[in-house]
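# An overview of the molecular structure
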Amino acid sequence: MSLEKEISRGIMEAMKSRDAVRLAALRNVKKYIIEAKTSGAGIAELPDTDVVKIISKLAKQGADSAAIYTAQRRQDLADEETAQVAVLQEFLPRPLSDEELTAAVREIIAETGASSLGEMGRVMGVASKRLAGRAEGRAISDKVRELLD
């Protein structure tokens, strides 16, 4: 089952169980999926990789918002954002460990034939697409920089 269909099913289940936090989080994801589908011509179903990117982005935004709310001493809002991020993370693939990230970046460097920091852009282009949703862009960038040094 595609990730988009899983989210739609999750919305139905959240409505039946009256889980407001889960429902709000999944409806927000669904909204972005619909926007992405309508922006392209004739897209019937969004690929899972694109859905993962949407969910990752929303989870990061939610975590950032929770941190801001905590700094502003608005724990009620921070708790709500944190709960929604937890729901979103259920739909994301397991994040890569540091060792797995190192191995994946080494493999990409070997594939691209990069040997210096000047070729970092080429490696990042491939790595960002391949590791989307499984590692943050900053972590990928740091690892590429470390291995190309």
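### Some points on the overall build of the chain
Along its length, the chain carries seven helices and zero strands. Secondary structure elements of the chain occur, N-terminal to C-terminal, as α-α-α-α-α-α-α. Overall size of the chain, expressed as C-alpha extent along the three principal axes, is 55 × 45 × 25 Å. Here the chain, with 149 residues, has 34% of them falling under the buried criterion.

### Digging into the nonpolar core
Ile7, Val29, Ile33, Val51, Ile55 and Leu88 are the most contacted members of the largest nonpolar core, which has 21 residues in total. Where this core is concerned, the elements lending two or more residues are α1 (3–17), α2 (20–39), α3 (48–71) and α4 (75–89). Here the element with the most residues in this core is α3; it accounts for six residues. Setting aside residues up to four positions removed in sequence, Ile55 forms contacts with Leu3, Ile7, Val29, Leu88, Phe91 and Leu92.

### Quick look at the layout of surface pockets
Any empty space left between the atoms is revealed when a probe the size of a water molecule rolls over them. Estimated volume of the largest pocket: approximately 460 Å³. Around the largest pocket sit 20 residues that line it, and Ser56, Leu92, Gly133, Ala135 and Glu136 are the ones nearest its centre. When the residues that make up the lining of the largest pocket are grouped by side-chain class, the tally is nine nonpolar, five polar and six charged.

### Some words on the packing of α2 against α4
When two helices pack together, their arrangement is given by the angle between the helix axes and the distance between those axes. At a closest axis distance of 9 Å, the pairing of α2 and α4 adopts a crossing angle of 60 degrees. What the angle tells us is that α2 and α4 run oblique. Relative to α4, α2 is oriented so that their crossing is right-handed. Between α2, through Val21, Arg22, Ala24, Ala25, Leu26 and Val29, and α4, the contact on the second element is made entirely by Ala83, Gln84, Val87 and Leu88. Partitioning the contact of α2 with α4 into residue classes produces eight nonpolar, one polar and one charged.

### Considering the pattern of salt bridges
Tallied over the entire structure, the rule returns eleven salt bridges. Of the charged contacts, one joins Lys143 and Asp98 as a salt bridge, the two residues approaching to 3.1 Å between their closest N and O atoms. Placement of Lys143 in helix α7 (residues 137–148) and of Asp98 in helix α5 (residues 98–112) is noted, with a sequence separation of 45 residues between them. By relative accessible area, which is 7% here, Lys143 ends up buried. A relative accessible area of 48% means that Asp98 is categorised as partly exposed. Where Glu107 meets Arg130, a salt bridge forms, and the shortest distance between an N and an O atom there is 3.8 Å. Here Arg130 lies in helix α6 (residues 120–130) and Glu107 lies in helix α5, a separation of 23 residues in the sequence. Take Glu107: its relative accessible area is 48%, and that puts it in the partly exposed class.

What counts as what
- Residues numbered from 1 in each chain as written.
- Predicted model: local features only at pLDDT ≥ 70, side-chain atom pairs only at ≥ 80, totals over all residues.
- Heavy atoms only, no water.
- Helix = DSSP H or I, 4+ residues; strand = E, 2+ residues; numbered from the N terminus.
- Buried < 20%, exposed > 50% of the residue type's maximum accessible area, 1.4 Å probe, protein only.
- Core = buried A, V, L, I, M, F, W, Y, C linked by side-chain atoms within 4.5 Å.
- Contact = heavy atoms within 4.5 Å.
- 1 Å grid on protein atoms, 1.4 Å probe; cavity = no way out; pocket = protein on both sides within 12 Å on 5 of 7 lines; lining within 4 Å.
- Points joined across faces, edges and corners; volume = space filled by probe spheres on them.
- Nonpolar A, V, L, I, M, F, W, Y, C, P; charged D, E, K, R; others polar.
- Axes fitted to C-alpha atoms, helices over the stretch in contact; angles between N-to-C directions.
- Parallel < 35°, antiparallel > 145°, perpendicular 65-115°, else oblique.
- Left-handed = near helix turned anticlockwise from the far one by under 90°.
- Salt bridge = Lys/Arg side-chain N within 4 Å of Asp/Glu carboxyl O.

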